Amino acid sequence: QVQLVESGGGLVQAGGSLRLSCAASGSPFRINTMDWYRQAPGKQRELVASISSYGTTTYTKSSAGRFTISRDNAKNTVDLQMNSLKPEDTAVYYCRIILENGRDYWGQGTQVTVSS
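Rules used throughout
Residues numbered from 1 in each chain as written. Predicted model: local features only at pLDDT ≥ 70, side-chain atom pairs only at ≥ 80, totals over all residues. Heavy atoms only, no water. Core = buried A, V, L, I, M, F, W, Y, C linked by side-chain atoms within 4.5 Å. Buried < 20%, exposed > 50% of the residue type's maximum accessible area, 1.4 Å probe, protein only. Helix = DSSP H or I, 4+ residues; strand = E, 2+ residues; numbered from the N terminus. Contact = heavy atoms within 4.5 Å. Disulfide = S-S within 2.5 Å.

Visitor: Where do I start with the nonpolar core in this structure?
Guide: Within the largest apolar cluster, 28 residues are counted, with the highest numbers of intra-cluster contacts made by Trp36, Val78, Leu80, Met82, Tyr93 and Ile97. No other element matches strand β9 (residues 91-99), which puts 5 residues into this core. In contact with Tyr93, not counting residues within four places along its chain, are Glu6, Leu20, Trp36, Tyr37, Arg38, Val48, Phe67, Leu80, Met82, Gly109, Thr110 and Val112.

Visitor: What should I look at first to understand the state of the cysteines in this one?
Guide: In protein chemistry, a disulfide is the covalent bond that joins the sulfur atoms of two cysteines. Tallied over the full model, the rule gives 1 disulfide. Across the disulfide from Cys22 sits Cys95; the S-S distance is 2.2 Å. In this structure the cystine formed by Cys22 and Cys95 twists about its S-S bond by roughly -75 degrees; its chirality is therefore left-handed. With Cys22 in strand β3 (residues 18-25) and Cys95 in strand β9, this pair connects stretches of sequence that are 73 residues apart. Each member of the pair, Cys22 as well as Cys95, is classed as buried.

Visitor: What should I look at first to understand the environment of Ser115 in this one?
Guide: Position of Ser115 among the secondary structure elements: in strand β11 (residues 110-115). Assessed through its relative accessible area of 27%, Ser115 is described here as partly exposed. Each C-alpha atom, one on Ser115 and one on Gly10, is 11 Å from the other, the two residues being 105 residues apart in sequence. Contact partners of Ser115, with chain neighbours within four places excluded, come to Leu11, Val12, Gln13 and Ala14.

Okay, structure coming up:
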């Protein structure tokens, strides 16, 4: 059974940094895309950043220039380094993976709170 375990969330002051990590296990298939999403209270879940198995990265307007996504294919992990955090970055952050068979899986989420 595929499992995703996220870590690294917490409370930080505006302008600070946090690093989120997600470790995937239990998949008999290779992992294609690894993503980070977030969901703020009362808002829809939105993509933050994405990285392909080849290392191609995609960022949104809100994450470009401040966040960096990276992965370790040997360990099946994906990290999100978040710098210059703003109160509007406060949300539950979710890791998502898409396997080579097309199925996707989500982590349980980790809370990030940025105080002003």
